[in-house]
Amino acid sequence: MDKQQAIGKVVSVNESLVGVITTQGAVMNGEVAYIVIEDGKRLKSEVIDVKAGQFVYLQVFEDTSWMKAGDLVEFSGLLLTVKLGPGILGSVTDGLQNPLYELAKKEWFLERGLEVEPLDNKTKWHFTPTANKGEFVTGGDVLGAVPEKIFKHKIFVPFSLQGVFELIEIAPEGDYTIDETIAKIKDKTGAVQELTMAFEWPVKMAMPFYQRSVPDKPMPTGIRILDALFPIAYGGTACNPGPFGAGKTVLQHSLAKYSQADIVIIAACGERAGEAVEVFKDFPKLLDPRTGKSLMDRTYIVGNTSSMPVAAREASVYLATTVGEYYRKQGLNVLILADSTSRWAQALRETSGRKEEIPGPEAFPMYISTLISAFYDRAGVEILKDGSSGSLSIIGTVSPAGGNFDEPVTQATLLSTGAFWGLSRALSDARKYPAIDRIDSNSKYPSLLKKEEVAYLLELLRDGKSIASNILLMGEKGITDETYIRYQKAELLDAVFLQQNSFDEVDGVSNPNRLRIMCDMILKIIDAPLNLKGKDKIRSHFNFVRQAFLDWNYMKIDDANFDEQHSKLLNLIKQRAHVTEDL
Amino acid sequence: MLQKTYDKIDSIGRSILSIKAKGVHNKELAEVIYPNGDKAFAQVIAINNEDVTLQLFSGGFGVSTNCKIRFLGKPIQVGFSDDMLGRVYSGNGKPIDGGPELLTDMVRIAGPSINPVKRLIPKEMIRTGVPMIDVFNTLVRSQKIPIFAKAGEPYNRLLANIATQTDADVIIIGGVGLKYDEFHYFRQRIEEAGSKSKTIMFVHTHRDSIVEGLMVPDLALAVGEKFALQGKNVFVLLSDMTQWSDYLRQVANAQDQIPANQGYPGDLYSQLASRYEKAADIDGAGSLTILGVTTMDDITHPVPDNTGYITEGQFYMKDGYLELFGSLSRLKQQVNDTTREDHRSIMSVMARLLSEAEERVKAQKFGSVKDDYSFRLLDYRKTFQKELMDPFRYLELEDALDLCWDILARYFKKEEVGLSSKLIESFWPKEGQYKILKPHNNE
Ligand SMILES: Nc1ncnc2c1ncn2[C@@H]1O[C@H](COP(=O)(O)OP(=O)(O)O)[C@@H](O)[C@H]1O
Ligand SMILES: [Mg+2]
């Protein structure tokens, strides 16, 4: 790293793509460079291509207005990194880890050339050492811990350090900032390094797993259709593609609120700023039932929204992922929600087009699928050195053009993820939220319900769908009462179990216990014999059941009426089981 | 400021020109000087060594290799002052209403976005008096929302209604590719409503160059944003953003950009987003609300498609009606829980029943609708359309909600609608006693 940093000058400017000729020094692909424009502002950028004749392409993370040929370029010699250490939780940063609240103290608008410390370097953290002087350590070993919000944050020997070091000094228990030295280590040659509680890691480099394991434990999300039919596992991956307005973002926000993960990282990538604002202004006011603390305490938000510099979208996704990997190394279950991965892909498309690369389908670069699968591959379960484990799950939305899943980004994502939640316009138009396609969605992970139960419910749904198309063709009179009852059961399953009102405090989340209770009731209804003649009577019966069930859904489980309503529902079912005459 | 003049024009395209020049800034404003001394604006859009590409505000037609280019050493700016209220400007920021040019402060256009932490969560309903909006897709202050409609639908009328019937402090109309009669219509409506003194128009008509059309939203939004920063509640109307996107396509094609979908550039989404995202409720200042028009035939076309991914919903207008399906206000849930207790529930129930009715409409094609319940659904649908979907019928929200109950009661039994017993008790109309709905002739 002690090489002479390269210097160059701008030769071409085309939106965020800038061509540079280096005049001095060697350039590394992926390194950060600053372009110094006329008013002295330094615009951050990244080397994305090194060509013949000292020619280099930069993608600039800021607006390139007023740049001109000849402007000075200073290369940093360092890859684009994220700073890892205590202080990330609860914060909101842009795609380059600038905390937004800190930026707002300087300017109301996101003026270019502004950079602030990624992590608060004033706060003192209470450090308790666990390693001892004289021990031999290597990258990833634990030196001690500090309490951070809801958990004990381990302080590591930076992951990038390879080989064995002697711990020649370790700070005593006490309060330190992330910039203060807490340890000194010595390598074989006798060279000494000072360590602090924070270190950097290149965002595009996946952190190696200590030992990788298979995601096989369902992660409760509180969303019934997912937990029951299309689950995600700790360390698993899922995608929710869908046309605009079908409910991708609402689904992601529900997941952010209710998933039983230790840490939730939201990458608001290229979508509306207002949606990220909702999260970081509301979450601090919401309590996490698992910890009793503010929901924000387990959350980190990376916001590179649609009107922020396009080139930084990619960085924002990788930034979120790297932070996720770091918390996985802490032995925690981390969930990353990326909304929307298509915007990242589009940013790549823009840059690729400007570089005049050969375009693939819909002008996306040919390598798009490789990048997407490499991204999802960073999710997974990790067995750590001390035998404990952590996980990183990734759920990405996809925003296909025209809502058509036959496009490169959706297709590449489908190949890379373990669960597919396809959002459908037909369902969202019918206000059947979450509008996750009941037939076409799938998951390879285990459900919170029994395998047979899942198969049983899915079969009913498929039957319901085919009966519905028969009714369409032949009318209600064209099918038997028995078939009509089956149809009504499928409709009921959909209306009271699969549909869920995300905006209701009670209905919006069903924990595993409640899911079980509801599922038992649904199964009772499906299995109960029903002795009713005539479509009107059948429909009317199911109307009553639906109503009673919905009322029940809106009751808190510890509500005095909860059990009463439960009995009421059971009675409704029993009443109709054996009576032949209408009541 | 140093102004450099160059005359080595390399090539001239439809709206693009390239020239050899030195020391030129990206996005710098320039003047094309014609041999006869006439001038037109241009802007630098790309630089490659000494090859500079400019976008021509008045198009490439008539530009010759013996024109000169003078770089003005400044970016594009727009005037800003209170005196602009009541005035009409073109897409290059010059007044076109015969009035005097104003001496104003100049402000930057297409500036960076506001730091998200300075945004407030939108929470204030804007009452429009349009039932399909107020009841089903409530408009919220600082929302960005377009009308999706075929060309020729009365969308400008609705736009003008909303702007003049609501409580905006400042209205800014950005007309892109307006026909003359549309321009005239807006002007007339604003004057009739007595809103002229709080309105500024930026107008690009079909006879102006496309690059000027491309500028209109930026000018309108830059001025709007300034007023919002001063604490005003600003409405910006943008009609028609499909035209705008087509201009963008033309310019991109002229630059030989690789198109993504149907010839549109790959950055169409980002381009639209950087405009619409100017809508904001600003902490410690005012707000900017954007109502747009996106003409379309097919919702999966790249322009409405990309727009829908950006805006906070859309009002879908068809055959003069505001449709329920296809329309969406993404912000409605921020406000419709505090209007009236039945608002949310009645909204969902009406929608669910209508969607059931739509199924019956499909079934009718197969002649399979034979039962009484289906017939009632179909009648419900007709009444729904007639009573609620007319965007020009003015009803206060409360009346519109009552009307919904009336319609339900006319066609359904209480237990069929799936509303909570509590709401039914409070709102279900007594036998035959409707609050708003006129009885049938045969009733
Ligand atoms: N689970 C849900 N419950 C109720 N309404 C929903 C739900 N999901 C989506 N919606 C409605 O649909 C709108 C659009 O959803 P959103 O998630 O923003 O769509 P997308 O991200 O797919 O464009 C929301 O503003 C809300 O009105
Ligand atoms: Mg969304």
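Small disclaimer: the values here were computed from a predicted structure and weren't measured. (Residues numbered from 1 in each chain as written. Chains lettered and ligands numbered in written order. Predicted model: local features only at pLDDT ≥ 70, side-chain atom pairs only at ≥ 80, totals over all residues. Heavy atoms only, no water.)

Here we look at the overall build of chain B
Where we set the bar: Per the convention used, a helix needs a DSSP run of H or I reaching at least four residues, while a strand needs a run of E reaching at least two, with both numbered from the N terminus. Here the term buried applies to any residue with accessible area under 20% of the maximum for its type, exposed to any over 50%, and partly exposed to those in between, with areas from a 1.4 Å probe on protein chains only. When checking whether two residues touch, look at their non-hydrogen atoms; a contact exists if any pair is within 4.5 Å. Here the open area of atoms and residues is found with the Shrake-Rupley method and a 1.4 Å probe, where only the protein chains shown may cover a residue.
The helix and strand inventory of chain B stands at 12 helices and 23 strands. Along the longest, intermediate and shortest principal axes, the C-alpha atoms of chain B span 85 × 50 × 40 Å. A burial count over chain B gives 61% of its 443 residues as buried. Partitioning the intrachain contacts of chain B with sequence separation of at least 6 by distance along the chain shows that 73% fall at a separation of at least 24. Here chain B has roughly 17,300 Å² of accessible surface; of this, 47% comes from carbon and sulfur atoms.

Here's the deal with the confidence of the model for chain B
Keep this limit in mind: pLDDT measures the predictor's confidence residue by residue and takes values from 0 up to 100.
Taken as a whole, chain B shows an average pLDDT of 93; of its residues, 99% reach a score of 70 or greater. Among the prediction metrics, the complex's ipTM stands at 0.94, with pTM recorded as 0.96.

Some points on the sheet that holds strand β12 (residues 151-156) of chain A
All names here are of chain A. Rules: At least two bridges found by DSSP between two strands is the condition for calling them paired. In this analysis, axes come from line fits to C-alpha atoms, helices being fitted only over the stretch in contact, and the angle between any two N-to-C directions falls in the range 0 to 180 degrees.
Spatially, 4 strands are ordered β12-β11-β9-β14 in an open sheet, and the strand pairing comes out antiparallel. This sheet does not close on itself; its edge strands, each paired only once, are β12 and β14 (174-176). When the angles between neighbouring strand axes are averaged without regard to direction, this sheet yields 40°. Where strand β11 (residues 142-148) meets β12, 6 bridges bridge the pair, whose relative direction is antiparallel. Each bridged residue has a counterpart across the sheet, and for Val146 the counterpart in β12 is His153. Sheet contacts for helix α5 (residues 312-329): β11 and β12; angle to β12, the most-contacted strand, approximately 100°.

With respect to the packing of aromatic side chains
Definition in use: Between 30 and 60 degrees the pair is tilted, below 30 it is stacked and above 60 it is edge-to-face, where a pair is any two Phe, Tyr or Trp rings, Trp via its six-membered ring, whose centres lie within 6.5 Å.
Taken as a whole and judged by the stated rule, the model has 31 aromatic pairs over all chains. Centre to centre, the rings of Phe55(A) and Tyr57(A) are 5.0 Å apart; their planes meet at 85°, and the pair counts as edge-to-face. The residues Phe55(A) and Tyr57(A) share a single accessibility class, namely buried. Residues Tyr6(B) and Phe71(B) carry aromatic rings whose centres are separated by 5.7 Å and whose planes lie at 70° to one another, so their mutual orientation is edge-to-face.

A word on the domain arrangement of chain A
Residues and elements named next belong to chain A. Just so we agree on the cut-off: Domain start and stop positions are those given by an automatic or database domain assignment. What gets called buried area is simply the loss in accessible area from a 1.4 Å probe that two parts show on being joined, summed for both.
Entries for chain A in the domain assignment read domain 1 (7-79), domain 2 (87-107 + 209-443), domain 3 (125-197) and domain 4 (451-582). The centre of domain 1, based on its C-alpha atoms, is set 30 Å off from the matching centre of domain 2. Between domain 1 and domain 2, the residue contacts involve 13 residues of the former and 8 residues of the latter. Between domain 1 and domain 2, roughly 960 Å² of surface is buried when both sides are summed, and carbon and sulfur atoms account for 59% of that area. By the criterion of area lost to domain 2, the three top residues of domain 1 are Leu17, Gln59 and Phe61, representing 47% of everything that side buries.

Some thoughts on the packing of helix α2 (residues 155-165) of chain B against helix α3 (residues 180-192) of chain B
Residue and element names in this part refer to chain B. Put simply, the test is: Here roughly perpendicular refers to angles of 65 to 115 degrees, roughly parallel to angles under 35, roughly antiparallel to angles over 145, and oblique to all remaining angles. In this scheme, a crossing is called left-handed if the near helix is turned counterclockwise away from the far one by less than a right angle; it is called right-handed if the turn is clockwise. Gly counts as polar in this scheme, as do all residues outside two lists: the nonpolar Ala, Val, Leu, Ile, Met, Phe, Trp, Tyr, Cys and Pro, and the charged Asp, Glu, Lys and Arg.
At a closest axis distance of 10 Å, the pairing of α2 and α3 adopts a crossing angle of 25°. As judged from the angle between their axes, α2 and α3 are roughly parallel. As α2 packs across α3, the resulting crossing turns out to be right-handed. Across the interface between the two elements, Tyr155, Asn156, Arg157, Leu159, Ala160, Asn161 and Thr164 from α2 touch Glu182, Tyr185, Phe186, Arg189 and Ile190 from α3. Across the contact of α2 with α3, the residue classes break down as 6 nonpolar, 3 polar and 3 charged.

Details of the pairing of strand β5 (residues 55-60) of chain A
Remark: a regular strand shows side chains that alternate across the two faces of the sheet. Residues and elements named next belong to chain A. In terms of residue burial, β5 counts as a mostly covered element, since 6 of its 6 residues are buried. On β5, burial covers both faces: Phe55, Tyr57 and Gln59 on one face and Val56, Leu58 and Val60 on the other are all buried. Strand direction decides the pairing type here: strand β2 (residues 17-24) and β5, joined by 5 bridges, are antiparallel. Paired with Val20 across the two strands is Val56, which belongs to β5. Two elements, strand β4 (residues 42-50) and β5, share 5 bridges in a ladder whose sense is antiparallel. Of the residues in β5, the one forming a bridge with Val50 is Val56.

Re the interface of chain A and chain B
Inclusion rule: Should a side-chain nitrogen of Lys or Arg be within 4 Å of a carboxyl oxygen of Asp or Glu, the pair is scored as a salt bridge.
Between chain A and chain B, the residue contacts involve 71 residues of the former and 80 residues of the latter. Carbon and sulfur atoms supply 55% of the area that chain A and chain B bury against each other, a total of about 6,400 Å² over both sides. It is Trp66(A), Trp108(A) and Phe244(A) that lose the most area in chain A upon contact with chain B, and together they represent 14% of the buried surface on that side. Inspection of the chain A/chain B interface yields 4 salt bridges. With its nearest N and O atoms 3.7 Å apart, the salt bridge here joins Arg360(B) to Glu476(A). Every element with two or more residues in the side of chain A that touches chain B is listed here: β1 (7-14), α1 (100-106), α4 (273-282), α6 (341-354), α10 (451-474) and α13 (535-553) of chain A. Considering every element that reaches the side of chain A that touches chain B, the biggest residue donor is α4(A), with 7 residues.

With respect to empty space enclosed by the protein
Using the following cut-off: Any residue with an atom within 4 Å of a point lines the site, the site being either a cavity, points on a 1 Å grid over the protein atoms alone where a 1.4 Å probe fits but cannot get out, or a pocket, an open set with protein on both sides within 12 Å along at least 5 of 7 lines. Grid points are joined across faces, edges and corners, and a volume is the space filled by probe spheres set on the points.
Scanning the entire structure with this criterion turns up 6 cavities of 30 Å³ or more. Approximately 110 Å³ is the volume attributed to the largest cavity. Split by residue class, the lining of the largest cavity holds 3 nonpolar, 5 polar and 3 charged.

Section: the site of ligand 1
Heads up, the rule is: One heavy atom within 4 Å of a molecule or strand makes the whole residue count as near it. Distance and chemistry together define a polar contact, namely a pair of N or O atoms within 3.5 Å, with one atom able to donate a hydrogen and the other to accept it when in protein, and with adjacent residues in sequence counting only for side-chain atoms on both sides.
Near ligand 1 lie 16 residues; those nearest to it are Gly245(A), Lys248(A), Val250(A), Ser502(A) and Arg330(B). Neighbouring residues of ligand 1 are distributed over chains A and B. Between Lys248(A) and ligand 1, the recorded distance is 2.8 Å, taken from a side-chain N or O atom to an oxygen atom. Contact between ligand 1 and Tyr433(A): an oxygen atom at 3.4 Å from a side-chain N or O atom of the residue. Taken by itself ligand 1 offers 560 Å² of open surface, and the protein chains cover 95% of this.

With respect to the nonpolar core
Test applied: Residue types Ala, Val, Leu, Ile, Met, Phe, Trp, Tyr and Cys, when buried and joined through side-chain atoms within 4.5 Å, form a set referred to as a nonpolar core.
With 88 residues, the main nonpolar core has Leu229(A), Trp421(A), Phe497(A) and Phe549(A) as its most contacted residues. Two domains share this core, each providing at least three of its residues, namely domain 2 (87-107 + 209-443) and domain 4 (451-582) of chain A.

Things to note about the side chain of Glu356(B)
Take Glu356(B): it is sitting in helix α9 (residues 343-365). What Glu356(B) contacts, discounting residues up to four positions off in sequence, is Tyr373(B) and Leu377(B).

Let's talk about the environment of Ile424(B)
Residues and elements named next belong to chain B. By secondary structure assignment, the location of Ile424 is in helix α12 (residues 421-427). What makes Ile424 buried here is its relative accessible area of 11%. Residues contacting Ile424, with those up to four places away along its chain left out, are Trp405, Lys414, Val417 and Leu419.

Description of the sheet that holds strand β16 (residues 192-195) of chain A
On the basis of which strands lie adjacent, the open sheet formed by 4 strands has the order β10-β13-β15-β16 (chain A) and antiparallel pairing. Strand pairing shows two members of the sheet lacking a second neighbour, β10 (136-137) and β16 of chain A, which therefore form its edges.

With respect to the pattern of salt bridges
Two side chains with opposite charge may pair up if their charged atoms get near one another. Residues and elements named next belong to chain A. According to the stated counting rule, one finds 64 salt bridges over all chains in the structure shown. One salt bridge connects Glu46 with Lys204, and the closest N-O pair in it is separated by 2.7 Å. Remark: Lys204 occurs in the loop between β17 (199-202) and β18 (212-213) and Glu46 occurs in strand β4; sequence separation between them is 158 residues. Of the residues examined, Glu46 reaches a relative accessible area of 3% and is grouped as buried.

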